[in-house]
Amino acid sequence: MDNLKHLGSATNYGFNYNPEVLETFDNKHPENDYWVKFNSPEFTSLCPITGQPDFATVYISYIPGEKMVESKSLKLYLFSFRNHGDFHEDCINIIMKDLVKLMDPKYIEVWGKFLPRGGISIDPYANYGKAGTKFEALAWYRMENHDLNPEIITNR
């Protein structure tokens, strides 16, 4: 745990996209397949064209491998999108790819539920399953079925 710089220290929020704030710790149960889920209801980024803010709840669910993401560093990372200009779909894919690179999870999915702007909401979904494992098939199954039973959205 000595490598964790953010946990237990004063919080210094950065306002620009910064994947370097992400930190990991060792999974004490890598032989088990289990879900870790994060819900971030205050995600904010900027439209790359208009500069207007976009607000979302970002759902991150993963099955860890050897490493797990430390939650305070994840909060700081998600906050770093505050002044980042990218489309909704790009933000969600960037988050997923950064977490795959960081942790090398067995499986991960990231879903953004963006508040409507201009009368339309956008809910991008991205996932990844480790190639050559049962999680690769899980990724395709979840992609095919991710929205068959949509949850109740209460934040819009």
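As a reminder, the structure under discussion sits directly above these lines.
Everything in this summary refers to the structure shown in the same document. Counting starts from 1 at the beginning of each chain's written sequence and moves along it residue by residue. Restriction of local features to residues with pLDDT of at least 70 applies here, the model being predicted, together with a cutoff of 80 or more for giving and counting side-chain atom pairs; totals for whole chains, interfaces and linings are based on all residues. Hydrogen atoms and water are omitted, and side-chain values are computed over all heavy atoms in the structure.

Observations concerning the overall build of the chain
Moving on, step 1. Counting its regular elements, the chain contains three helices and six strands.
Moving on, step 2. A helix here means a DSSP run of H or I that spans at least four residues, while a strand means a run of E at least two residues long, and both kinds are numbered starting from the N terminus. Mapped from its N terminus to its C terminus, the chain presents α and β elements in the order β-β-β-β-α-α-β-β-α.
Moving on, step 3. Each residue gets one of three labels from its accessible area relative to the maximum for its type: buried under 20%, exposed over 50%, partly exposed in between, using a 1.4 Å probe on protein chains only. For the chain, with 156 residues in total, the buried portion stands at 40%.
Moving on, step 4. Every residue pair with non-hydrogen atoms within 4.5 Å of one another is taken to be in contact. In the chain, 67% of the contacts between residues at least 6 apart in sequence involve partners at least 24 apart.
Moving on, step 5. Approximately 9,000 Å² of the chain is accessible, and the part contributed by carbon and sulfur atoms is 54%. Where accessible areas are quoted, they stem from the Shrake-Rupley method and a 1.4 Å probe; at the residue level, only the protein chains shown are allowed to cover.

Looking at the packing of aromatic side chains
What describes a pair of aromatic rings is the distance from one ring centre to the other and the angle between the planes of the rings.
Moving on, step 1. Pairing of aromatic side chains requires ring centres within 6.5 Å, counting the rings of Phe and Tyr and the six-membered ring of Trp. Pairs whose planes differ by under 30 degrees are stacked, by over 60 edge-to-face, and all others tilted. All told, the structure shown has eight aromatic pairs when counted by the stated rule.
Moving on, step 2. Measuring from ring centre to ring centre gives 6.4 Å for F38 and Y62, while their planes differ by 15 degrees; the resulting arrangement is stacked. Placement of the pair is F38 in strand β2 (residues 36-46) and Y62 in strand β3 (residues 53-63), with a sequence separation of 24 residues.
Moving on, step 3. We classify Y62 as buried; its relative accessible area is 1%.
Moving on, step 4. Ring-pair connections join several aromatic residues into one group, and the members of that group are Y17, F43, Y77, F81 and F114.

Some thoughts on the nonpolar core
Moving on, step 1. Judged by nonpolar contacts, the single largest core of 26 residues is most densely connected at F43, I60, I95, L99 and I108.
Moving on, step 2. For this core, the elements supplying multiple residues, two or more each, are β2, β3, β4 (67-69), α1 (71-79), α2 (88-103) and β5 (107-114).
Moving on, step 3. Considering each element in turn, this core owes the most residues, seven residues, to α2.
Moving on, step 4. Apart from residues no more than four positions distant in its own chain, L99 is found in contact with L22, I60, V69, L74, D104, P105 and I108.
Moving on, step 5. Among the nonpolar cores identified, the runner-up in size contains six residues, and I63, Y107, W111 and A139 belong to it. We call a set of buried Ala, Val, Leu, Ile, Met, Phe, Trp, Tyr and Cys residues a nonpolar core when their side-chain atoms join them within 4.5 Å.

Remarks on α1
Moving on, step 1. Within α1, the full set of buried residues consists of K72, S73, L74, L76, Y77 and L78.
Moving on, step 2. By the criterion applied in these results, polar contacts are pairs of N or O atoms within 3.5 Å in which, for protein atoms, one can donate a hydrogen and the other can accept it, and in which residues neighboring in sequence qualify only through two side-chain atoms. Between a side-chain oxygen at the N-terminus of α1 and the backbone nitrogen of K72 the separation is 2.9 Å; the capping residue is E70.

Observations concerning the pairing of β2
Moving on, step 1. Examined bridge by bridge, β2 and β3 share nine bridges and lie antiparallel to one another. What sits directly across from N39, in β3, is Y59. Paired strands are those between which DSSP finds at least two bridges.

Concerning the pattern of salt bridges
Moving on, step 1. The term salt bridge refers to a side-chain nitrogen of Lys or Arg lying within 4 Å of a carboxyl oxygen of Asp or Glu. On inspection of all chains with the given rule, the structure shows seven salt bridges.
Moving on, step 2. Of the charged contacts in the structure, one is a salt bridge between K134 and D33, with a shortest N-O distance of 2.9 Å. You can see K134 sitting in helix α3 (residues 134-145) and its partner D33 sitting in the loop between β1 (24-26) and β2, a full 101 residues away along the chain.
Moving on, step 3. You can call D33 partly exposed: its relative accessible area is 37%.
Moving on, step 4. A salt bridge links R142 to E109, with the shortest nitrogen-to-oxygen separation between them at 2.6 Å. Placement of the pair is R142 in helix α3 and E109 in strand β5, with a sequence separation of 33 residues.

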